[in-house]
Amino acid sequence: MIVVLSKNISARDKELVRVYLRDRGFAVRDQRFGDDQMIGAAGKGLVDLRELGLLPGVERVAATSKPYELASRETRAEDSIVSVGETGNVKIGGARITVIAGPCAVESREQIRETAERVRESGAVLLRGGAYKPRTSPYAFQGLGMKGLEYMKEAAEACAMPIVTEVVSPELALDMKDLTDMFQIGARNMQNFELLKKVGALGKPVLLKRGPSATVEEWLLSAEYLLAAGTKDVVLCERGIRTFETYTRNTLDISAIPVVKSLSHLPVIVDPSHAVGIRAKVSSAALAAIAAGADGLTVEVHPRPDDALSDGPQSLYPEQFEKLMRDIEALAPVVGKELLRTPQPNPSAAAFRKSGADSPGGGAALSAKPVAYNGESGAFAEQALVRVFGEETPRTQVQSFRGIFDAVLEGSARAGIVPVENSLAGSVHENYDLFLRYPDIAIVGEVKLRIVHCLIAGKRADMDSISTVRSHPQGFAQCRDFLDKHPSWVLEACNNTAAAVGSIAREGAANVAAIAGAAAAKVHGLKILKEGIETNPLNYTRFLVISRKFSDGASGPPGAAGDTTFAGTAGDAEAWASSGSEKPDKASLVFSVPDKPGSLFACLKIMADNGLNLSKLESRPIEGKPWEYQFYVDVSIPEQGDFFTVMEELKTRTEDFRFLGAYRGSL
Ligand code: PEP
Ligand code: MN
């Protein structure tokens, strides 16, 4: 039984709950997941659940129907997010895909260093490698032991990546503690209960592999051992189970991913390498795992797999791993996630932390400020915000797009997130126009979110009871085909999709539905009448991250800081290079051109001649100048050449040239 405590319970009330349970024959233990505090009560005690539930500071009593309690979704409905490493930068779970990579075993100082560098370059955020290897044959390479761990730590420090490594015996756990950031419990040891108790008690994050013959329930009970012993950070890893099939090393149990994700709140990752055991099949299995909802992967990579001392045949060449990472990046938005990249969750977030920390008006106070979005909880914009800044970032809701620009300009928000374009319905012109009205606001990041629309209504409603549908006009536009099948429905426009859902929750009418995302339905406890009603499933909205420009051009990347108009100095490029953020590879501009033949062509030619790829060109009427137009342009920033000089040249050929910002584009 788990007693979930309210977030602000006093130490005295907490002790009263403990005493109450102990007096009735239970063994009690404290547990925390994120902000949630709980008390686990084990044993055959007798208790009046109603009375227990009424004790001060008790939020609810979760008497789970499963033999595992701490690991159960019934105890905690939200996904747990596990933070790894000294800074806690590397997170597993939630809206991200986290990739762990490295060799099967640490073989030498050079081998682990080279592998770490290669996998980090491709985007892995955690380094794996065994120093103690549980091998089937006693004559096979058993690992370098403590020496191997030291080599690994050295490599990991050089590459700023935390480590995950296998612990094979309770005696070794304490010695290994300071040399690793996350313990791995290998498949063969999944039910080594003494090991689980010892490792769990050390409180470090643990990657728990599924035993080759373990059922899902046995696996979750092993996770329970770790949680009951004291750690709150457990990540489950499916790595293939033993079946009658012998072609592959094991059989990857893809179905275990959605099964475990519904039974447990713990993150689930997949090890495709040990699952299939054949290099050429690893990437397909990895992508299947991501499609099935895995929170990440652990992949064996070796610079020279043919010379590897263990598991060479299943280890990817670094080039294959790089290709796999690119494929994951493309797949991630389809499953509503983003690939976690080093060193920060997102370069735009990195840019902010930088501008927050260094800017004259900012300091630490700035990074503590919220990020603004338009809408209510569960809005798509909120999901985009979380994608860029992480779950813990404070957010503030405003009731219009203009409100986002105002909050960022006044400084009540350190950044804002604004939708600018949808792949089905086109540009959100209101926001493009706002960029022109707010010259002190710059674009510093971009994120693309897959938009799946649902028809959402109250518990009593069904498809036949609906006569009115509410949404943002963009929601209607993206679901045109579906709405055309219901011509009698009256459409009512709202400020945003989540607000439409909120109004239904408040009013409770059975004839009104909303078009919005599933997250908004969940926030308000409403019913989804139909999921996936957008006209085409390839429906993405592009959000831009905005920030205020600072008057001191010396700090932060261009766009986030610097001159209020486009300065176009080499200093901008240097600022980026020294900001610790990834170099921007995309820029947005607005300009108009003189009214004479070939003037737009001249601008396009400058871009073409300098290798700037145009990803958007759109014309918009200029306010107050009938039949005159300005152009919205998105261009790539090439690796080579001086982009800022090209911008200066472009400026001479245009009128009203406005540089909106340089940032890292998302796929
Ligand atoms: C490993 O990850 O190196 C390993 C030995 O995996 P498993 O325990 O899944 O066989
Ligand atoms: Mn291995």
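Computed from a predicted model, the values in this text were never measured in an experiment.

Chemist: Looking at this model, I keep getting lost on the overall build of the protein. Mind explaining?
Modeler: Helix and strand counts for the protein stand at 23 helices and 30 strands. On C-alpha atoms alone, the protein measures out to a radius of gyration of 27 Å, which is about the 26 Å that the 2.2 N^0.38 rule sets for 667 residues. Taken over the C-alpha atoms alone, the protein extends approximately 80 × 65 × 50 Å along its principal axes. A sequence separation of at least 24 residues applies to 71% of the contacts in the protein between residues at least 6 apart.

Chemist: Is there a simple way to explain the side chain of E69 in this structure?
Modeler: Tracing the chain through its elements places E69 in the loop between β4 (58–62) and β5 (82–84). The side chain of E69 sits in the buried core without any salt bridge; R29 is the nearest counter-charge, 4.5 Å away. Sequence-distant contacts of E69, defined by excluding residues within four places in its chain, comprise M1, I2, R29, A41, T64, T75 and E224.

Chemist: Can you walk me through the sheet that holds strand β22 (residues 468–471) in this structure?
Modeler: Whether parallel or antiparallel, the strands of a sheet pair through hydrogen bonds between backbone atoms. Read from one edge to the other, the open sheet built from 5 strands follows the order β23-β22-β24-β21-β25, with strand pairing classed as mixed. The sheet terminates laterally at β23 (490–493) and β25 (527–531), the two strands that pair on one side only. On average, each strand axis in the sheet is tilted by 30° relative to the strand beside it, whichever way the strands run. Across 4 bridges, β22 lies against β23 in parallel orientation. In the sheet register, S471 faces β23, and the bridge partner there is A493. Across the sheet, helix α19 (residues 497–507) lies against β21 (454–457), β22 and β24 (512–516), angled at about 155° from β24, the strand it touches most.

Chemist: I would appreciate a short explanation of the coordination of the manganese ion (ligand 2) in the present structure.
Modeler: For a metal bound by four donors in a tetrahedral arrangement, the ideal donor-metal-donor angle is 109.5 degrees, while six donors in an octahedral arrangement ideally sit at 90 or 180 degrees. Listed as protein donors to the manganese ion (ligand 2) are C104 (SG), H274 (NE2), E300 (OE) and D311 (OD); their distances from the metal cover 2.0 to 2.3 Å. The motif formed by the donor residues of the manganese ion (ligand 2), counted along the single chain, is C-x169-H-x25-E-x10-D. Residue C104 is located in the loop between β7 (96–102) and α3 (109–122), and its partner E300 is located in strand β14 (residues 296–300); the two are separated by 196 residues in the primary sequence. Looking at C104, the relative accessible area reads 3%, which means it is buried.

Chemist: Which parts of the structure should I look at to understand the sheet that holds β4?
Modeler: Taking strand neighbours across the sheet as the criterion, the 4 strands line up as β2-β3-β1-β4 in an open arrangement whose pairing is antiparallel. The open sheet is flanked by β2 (27–33) and β4, the only strands paired with a single partner. Shown here is a sheet whose adjacent strand axes are inclined to one another by a mean of 25°, direction ignored. This element, helix α1 (residues 11–23), spans β1 (2–5), β2, β3 (36–42) and β4 of the sheet and lies at about 15° to β3.

Chemist: Sorry if this is basic, but what is going on with unusual backbone geometry here?
Modeler: In most cases, non-glycine residues show a negative phi, while peptide bonds are predominantly trans. Despite not being glycine, A160 shows a phi value in the positive range, around 50°. Relative to the helices and strands, A160 resides in the loop between α4 (146–158) and β9 (163–166). Residues other than glycine seldom take positive phi values, yet D311 does so here, at roughly 55°. Tracing the chain through its elements places D311 in the loop between β14 and α11 (318–331). A relative accessible area of 16% places D311 in the buried class.

Chemist: Is there a simple way to think about the nonpolar core in this case?
Modeler: One broad rule of soluble globular proteins: the nonpolar side chains tend to lie buried together. Of all hydrophobic cores here, the largest spans 38 residues; its most connected members are V167, I185, V199, L208 and L236. Of all the elements in the fold, those that place two or more residues in this core are β1, α5 (170–176), β10 (182–185), α6 (193–201), β11 (206–209), α7 (216–229), β12 (234–238) and α8 (256–263). Shared between two domains, this core takes at least three residues from each, and those domains are domain 1 (2–62) and domain 2 (82–339). Once residues within four sequence positions are removed from consideration, L236 is found in contact with L208, W219, L220, A223, V260, S264, L266, P267, V268 and I269. In this structure, Y151, C159, M325 and L339 belong to the second largest nonpolar core, which totals 37 residues.

Chemist: Just to check I follow, could you spell out the packing of aromatic side chains for this structure?
Modeler: Each pair of aromatic rings is reported with the distance of its centres and the angle of its planes. Applying the stated rule across the entire model yields 9 aromatic pairs. Each residue in the set F405, F435 and Y438 is aromatic and connected to the rest through ring pairs, giving one cluster. The residue whose ring lies beneath R24 is Y20, and the NZ or CZ to ring-centre distance is 3.6 Å.

Chemist: Would you mind showing me how to read the pattern of salt bridges here?
Modeler: Charged atoms that come close allow side chains of opposite charge to pair. Enumeration over the complete set of coordinates arrives at 42 salt bridges. Its salt-bridge partner being R542, residue E421 comes within 3.0 Å of it at the nearest N-O pair. Linking E421 in strand β18 (residues 415–422) with R542 in strand β26 (residues 540–548), this pair joins segments that are 121 residues apart in sequence. Note that R542 and E446 form a salt bridge whose closest N and O atoms lie 2.6 Å from each other. Here R542, found in strand β26, pairs with E446, found in strand β20 (residues 441–450); they are 96 residues apart in sequence, far enough to count as distant. No difference in accessibility class separates R542 from E446, as the two residues are buried. Overlapping salt bridges bring together E421, E446, R542, K586, K616, E618 and D634 as one network.

Chemist: Any chance you could explain the domain arrangement of the protein here in plain terms?
Modeler: We note that the domain assignment places domain 1 (2–62), domain 2 (82–339), domain 3 (362–450 + 540–663) and domain 4 (454–531) within the protein. With 10 residues of domain 2 at the interface, the matching set in domain 3 holds 8 residues. Taking both partners together, domain 2 and domain 3 bury about 680 Å²; carbon and sulfur atoms supply 43% of that area. Of all residues in domain 2, the largest losses of buried area upon contact with domain 3 belong to P333, V334 and E338, amounting jointly to 53% of the total for that side. At the junction of domain 2 and domain 3, the tally comes to 1 salt bridge. In this structure, E391 and R96 form a salt bridge, with 2.7 Å as the shortest nitrogen-oxygen distance. Run the count over domain 2 and domain 3 and you get 4 residue pairs in polar contact (both at pLDDT 80 or more).

Chemist: Please explain the site of ligand 1 as it appears in this structure.
Modeler: Neighbouring ligand 1 are the residues R128, K133, E166, Q184, G186, A187, R188, K209, R239, H274 and E300. Within the side chain of R128, one N or O atom sits 2.8 Å away from an oxygen atom of ligand 1. Within the contact set of ligand 1, an oxygen atom lies 2.9 Å away from a side-chain nitrogen or oxygen of Q184. Burial of ligand 1 by the protein amounts to 97% of the accessible area it has alone, namely 290 Å². Its residues assigned to classes, the shell around ligand 1 comprises 1 nonpolar, 3 polar and 7 charged.

Conventions used here
- Residues numbered from 1 in each chain as written.
- Chains lettered and ligands numbered in written order.
- Predicted model: local features only at pLDDT ≥ 70, side-chain atom pairs only at ≥ 80, totals over all residues.
- Heavy atoms only, no water.
- Helix = DSSP H or I, 4+ residues; strand = E, 2+ residues; numbered from the N terminus.
- Rg over C-alpha atoms; globule rule 2.2 N^0.38 Å.
- Contact = heavy atoms within 4.5 Å.
- Buried < 20%, exposed > 50% of the residue type's maximum accessible area, 1.4 Å probe, protein only.
- Lys, Arg positive; Asp, Glu negative; His and termini not counted.
- Salt bridge = Lys/Arg side-chain N within 4 Å of Asp/Glu carboxyl O.
- Pairing = 2+ DSSP bridges.
- Axes fitted to C-alpha atoms, helices over the stretch in contact; angles between N-to-C directions.
- Donors = N, O, S within 2.8 Å, 3.2 Å for Na, K, Ca; no water.
- Core = buried A, V, L, I, M, F, W, Y, C linked by side-chain atoms within 4.5 Å.
- Domains from an automatic or database assignment.
- Phe/Tyr/Trp six-rings, centres within 6.5 Å; stacked < 30°, edge-to-face > 60°.
- Lys NZ or Arg CZ within 6 Å of the ring centre and 35° of its normal.
- Buried area = accessible area lost by both parts, 1.4 Å probe.
- Polar contact = N/O pair within 3.5 Å; in protein donor to acceptor, adjacent residues only side chain to side chain.
- Near = heavy atom within 4 Å.
- Areas by Shrake-Rupley, 256 points an atom, 1.4 Å probe, with all protein chains shown as cover.
- Nonpolar A, V, L, I, M, F, W, Y, C, P; charged D, E, K, R; others polar.

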